[in-house]
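Inside the fold
Spelled out from the first residue to the last, the chains are:
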Amino acid sequence: NSVAPSRSSLSDRLKYLPKNHTTYAKAKREYLTGNIEQAEALYRQAIEEEDSQSESAVKDLAAMLNESDRSVEAIDLIRKYRSRFGRAKQASFDRLSITIYQKMRDYSSVIATLETLLNAELRPSQTTNLERQIAAVEFQRGSPEVAFNRLNSIIKRNPTDFQTIQLLDTLKRKQEAGTEA
């Protein structure tokens, strides 16, 4: 299972790597050069070293596992280490989990994780965005009425919320056409 990144040229990607020789930097270099097995071993070592880059190592390894169709392992990794980094950093792990759950089409876990984020102390704009995301996932998993109710609730609070109005309209059209969100 070799999944190498392909966004830009190797030299472009390598120039943004840390210039130091930490285990994490070595793992990134191995990943970017396509040596996935060595990158995984080095990411795991960097995580165990518990230095300033171990949080990034967990996220990068989870993303790499997900790209390699090892999504369950990626989620297990996030669950294992999420609490190590304190409450303030956990939201970024939750967002990564959402991406992985979506790939797995595990809509219940996507919604549960979005609800966890929603229950955190957030600005109103963040709350509304999370509510929109939950509505879209509810629609995807076959609960359009739940999605429509959530979106209508947002519109009731803010009748000029163009993004929510547009999402509601889009989902209604998709329902009429019989397609997923």
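Structure's up top.
On inspection of all chains with the given rule, the structure shows three aromatic pairs. Note on Tyr24 and Tyr43: the rings are 6.2 Å apart at their centroids and 50 degrees apart in plane angle, and the pair reads as tilted. Residue Tyr24 is located in helix H2 (residues 23–32), and its partner Tyr43 is located in helix H3 (residues 36–49); the two are separated by 19 residues in the primary sequence. With centroids separated by 5.4 Å and ring planes inclined at 15 degrees, the aromatic side chains of Phe85 and Phe93 adopt a geometry described as stacked.

Below, the discussion takes up the pattern of salt bridges. The final tally for this structure, using the stated rule, is 17 salt bridges. Notably, a salt bridge pairs Lys89 with Glu55, separated by 3.1 Å at the nearest N-O pair. Taken together, the positions of Lys89 in helix H6 (residues 87–104) and Glu55 in helix H4 (residues 54–67) put the pair 34 residues apart, joining distant regions of the chain. The class of Glu55 is buried, set by a relative accessible area of 13%. A network of salt bridges, in which partner residues are shared, links Glu40, Arg44, Arg70 and Glu73.

To continue, consider the side chain of Gln53. Among the structural elements, Gln53 can be located in the loop between H3 and H4. A residue is classified by how much of its surface remains accessible, and Gln53, at 16% relative accessible area, is buried. A distance of 2.9 Å separates polar atoms of two side chains, one belonging to Gln53 and the other to Thr22.

With 18 residues, H6 ought to run about 26 Å at 1.5 Å a step, and its terminal C-alpha atoms sit 26 Å apart, in line with that. For H6, the complete set of buried residues consists of Gln90, Phe93, Asp94, Leu96, Ser97, Ile98, Ile100 and Tyr101. Looking one or two residues past H6, Arg105 carries a phi angle of roughly 60 degrees, positive in sign.

Bringing the nonpolar core into the picture now. The biggest cluster of nonpolar side chains holds 37 residues, and the ones touching the most others in it are Tyr43 and Leu77. Within the residue set of this core, elements represented by two or more residues are H2, H3, H4, helix H5 (71–81), H6, helix H7 (107–118) and helix H8 (124–140). Apart from the residues within four sequence positions on either side, Tyr43 is in contact with Tyr24, Ala27, Lys28, Tyr31, Ala57, Asp60, Leu61 and Met64. Formed by nine residues, the second largest nonpolar core is a distinct cluster that contains Phe139, Ala147, Leu151 and Ile155.

On the secondary structure map, Thr164 appears in helix H10 (residues 162–177). Classification of Thr164 as buried rests on a relative accessible area of 0%. Leaving out residues up to four positions away in the same chain, Thr164 has contacts with Thr128, Arg132, Leu151, Ile154 and Ile155.

Rules and cut-offs
Residues numbered from 1 in each chain as written. Predicted model: local features only at pLDDT ≥ 70, side-chain atom pairs only at ≥ 80, totals over all residues. Heavy atoms only, no water. Phe/Tyr/Trp six-rings, centres within 6.5 Å; stacked < 30°, edge-to-face > 60°. Helix = DSSP H or I, 4+ residues; strand = E, 2+ residues; numbered from the N terminus. Salt bridge = Lys/Arg side-chain N within 4 Å of Asp/Glu carboxyl O. Buried < 20%, exposed > 50% of the residue type's maximum accessible area, 1.4 Å probe, protein only. Polar contact = N/O pair within 3.5 Å; in protein donor to acceptor, adjacent residues only side chain to side chain. Expected span 1.5 Å × (residues − 1). Core = buried A, V, L, I, M, F, W, Y, C linked by side-chain atoms within 4.5 Å. Contact = heavy atoms within 4.5 Å.

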